[in-house]
Every structure is written in structure tokens, then in C-alpha cells.
Amino acid sequence: MSLYDDTVLVLKGYEDQPELRQAYLDHLAAHGDDGMWKSCTDGHVTASALVVDPSRGRVLLTLHKKLRMWLQMGGHCEPGDATLAAAALREATEESGVPGLTLLAGGPVRLDRHPIPGPCTQHLDVQYAALAPADAVEAISDESMDLRWFAYDEVAGVADESVVRLVEATRTRL
């Protein structure tokens, strides 16, 4: 099964945000496999994961080097990604430096479509949550200016609404 086929199945199985979910499916139907890749300037699917430590009531955010915003880990799908979930887990592991992350059961937590600077127009982000092991130690990657753990109630003070909604949806799923 291709990454495109897996993504379509993941989206068809996602039961929340029906209008946005359909917009993602329509985008993929219109662009085919190209809708998965950075080269699709009309927008493309991305995969992200909020790294969470539920035992301590906190999340790990990255200060994105280009955007200079506190965000969850995530990014573009790559040809070696077998599934969308694998892409999200790969991105979370690479950007956090935390080995042993596991995705929260139940598939994606949220969808978030947001505009980006050209030449591409938008990211169609499929957002997962990744559980950190008890002994998690983060390590800053080349894509980050900083990594920091934030208590759930601190996120609204540092991040935008999309991250706040992701934290809320993750806490509900937990």
C-alpha cells in the first residue's frame, strides 16, 4: 500500500472535523499522489505529533527555526514513510531527539489546515499525539531554536490557537 493510499484510509476513518476531513480527501482526489509531497504548490499533506508526558501533565514544544513559533513536532512526508502515522512518529523523534516515542492509540487527534509562505499555499496537517517515555530527555535538532516542556495550562501563553486546540484534543483522548 502506498503512503497516498494509507493517508486516504486514515482520513476516511477519522470521524471528527467532517468538513475539513472532506477538504483533505478532495485535495488528494484532485492531486493524486502529488498531493502528499512538498512539490505540490497547491498544498500538501504533512504529519505532526504533539509529544506529551501525561504523568507530569506536560507537552514538549519546539521553537521552530524558520517560523519562530512554539509548535508541535512535524513536517513533510518523505518517500521512505510507509504510513502517515510513521511519518508523524519519524518527525516527532527527529525533532525532539526523544527515543522510544509511541503514538497515542486511535489515529490522528486533529486536522489543521494552515497557509504557509510560497511557493506552496497550504499545509494539510494530520496531527497525532506521541507519548514520551518516563525518562525522556530531549535534544535540539537542526530545525529547532529551542525545545521546552510546558505544563498543559502554559501552552496558551506561548503557542497559537492551533497548538492549544491540539493540546485540548490530546487531553480529551488521554
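Everything below is about the structure shown above.
(A) Focus on the pattern of salt bridges. Throughout the structure, instances matching the rule amount to 8 salt bridges. A salt bridge links E91 to R90; its shortest N-O distance comes to 3.0 Å. One exposure class covers both E91 and R90, and it is buried. For R165, the salt bridge is made with D112, and the minimal N-O distance between the two is 3.8 Å. Residue R165 is located in helix α5 (residues 161-173), and its partner D112 is located in strand β6 (residues 110-115); the two are separated by 53 residues in the primary sequence. Look at R165 and you get partly exposed, because its relative accessible area is 32%.

(B) How the structure looks around the side chain of R21. With respect to the helices and strands, R21 occurs in helix α2 (residues 18-31). In this structure the side chain of R21 is engaged in a polar contact, spanning 3.5 Å, whose partner is the backbone oxygen of L11. Setting aside chain neighbours within four positions, we find R21 in contact with L11, K12, Y14, D16 and L111.

(C) Quick look at the environment of T121. Turning to its location among the elements, T121 is positioned in the loop between β6 and β7 (122-131). In the structure, T121 is positioned 79 residues away from D42 in sequence and 5.7 Å away in space, judged by C-alpha atoms. With sequence-adjacent residues up to four places away left out, T121 is seen in contact with T41, D42, G43, H114, P115 and I116.

(D) A look at the layout of surface pockets. Put simply, the largest pocket is a space of about 950 Å³. If you list the elements that add at least two residues to the lining of the largest pocket, you get β1 (44-53), β2 (58-64), β4 (73-76), α3 (84-96), β6 and β7.

(E) Quick look at the packing of aromatic side chains. In this structure the tally under the stated criterion is 1 aromatic pair. Ring geometry for W70 against F150: centres 5.0 Å apart, planes inclined by 75°, an arrangement best described as edge-to-face. With W70 in strand β3 (residues 70-71) and F150 in strand β8 (residues 144-151), this pair connects stretches of sequence that are 80 residues apart. There is no split in this pair, since W70 and F150 are both buried.

(F) Looking closely at the side chain of T46. Note that T46 resides in strand β1. Separated by 2.9 Å, the side chains of T46 and D125 make a polar contact. If near-sequence neighbours (up to four positions away) are discounted, T46 is found in contact with G75, H76, H123, L124, D125 and V126.

(G) Fine view of the environment of E78. Mapped onto the elements of the fold, E78 is located in the loop between β4 and α3. Classification of E78 as partly exposed rests on a relative accessible area of 37%. C-alpha of E78 to C-alpha of K38: the two residues are 40 residues apart in sequence and 9.0 Å apart in space.

(H) Main features of the nonpolar core. In terms of nonpolar packing, the biggest core is built from 34 residues, with M36, V51, L84 and V126 touching the most fellow members. Of all the secondary-structure elements, those providing two or more residues to this core are α1 (3-13), α2, β1, α3, β7 and β8. By residue number, the principal contributor to this core is α1, which donates 5 residues. Apart from the residues lying within four places of it in its own chain, the contact partners of L84 are L3, D6, T7, V10, M36, V45, A47, C77, V126 and Y128. In this structure, V109, Y152, A159 and L166 belong to the second largest nonpolar core, which totals 18 residues.

(I) Broad picture of α5. Here α5 is 13 residues long and its end C-alpha atoms lie 18 Å apart, about the 18 Å a rise of 1.5 Å per residue gives. Taken together, the buried positions of α5 are S162, V163, V164, L166, V167 and T170. In this fold, the buried residues of α5 make contact with β1, β2, β3, β6, β7 and α4 (155-158).

Calculation rules
Residues numbered from 1 in each chain as written. Predicted model: local features only at pLDDT ≥ 70, side-chain atom pairs only at ≥ 80, totals over all residues. Heavy atoms only, no water. Salt bridge = Lys/Arg side-chain N within 4 Å of Asp/Glu carboxyl O. Buried < 20%, exposed > 50% of the residue type's maximum accessible area, 1.4 Å probe, protein only. Helix = DSSP H or I, 4+ residues; strand = E, 2+ residues; numbered from the N terminus. Polar contact = N/O pair within 3.5 Å; in protein donor to acceptor, adjacent residues only side chain to side chain. Contact = heavy atoms within 4.5 Å. 1 Å grid on protein atoms, 1.4 Å probe; cavity = no way out; pocket = protein on both sides within 12 Å on 5 of 7 lines; lining within 4 Å. Points joined across faces, edges and corners; volume = space filled by probe spheres on them. Phe/Tyr/Trp six-rings, centres within 6.5 Å; stacked < 30°, edge-to-face > 60°. Core = buried A, V, L, I, M, F, W, Y, C linked by side-chain atoms within 4.5 Å. Expected span 1.5 Å × (residues − 1).

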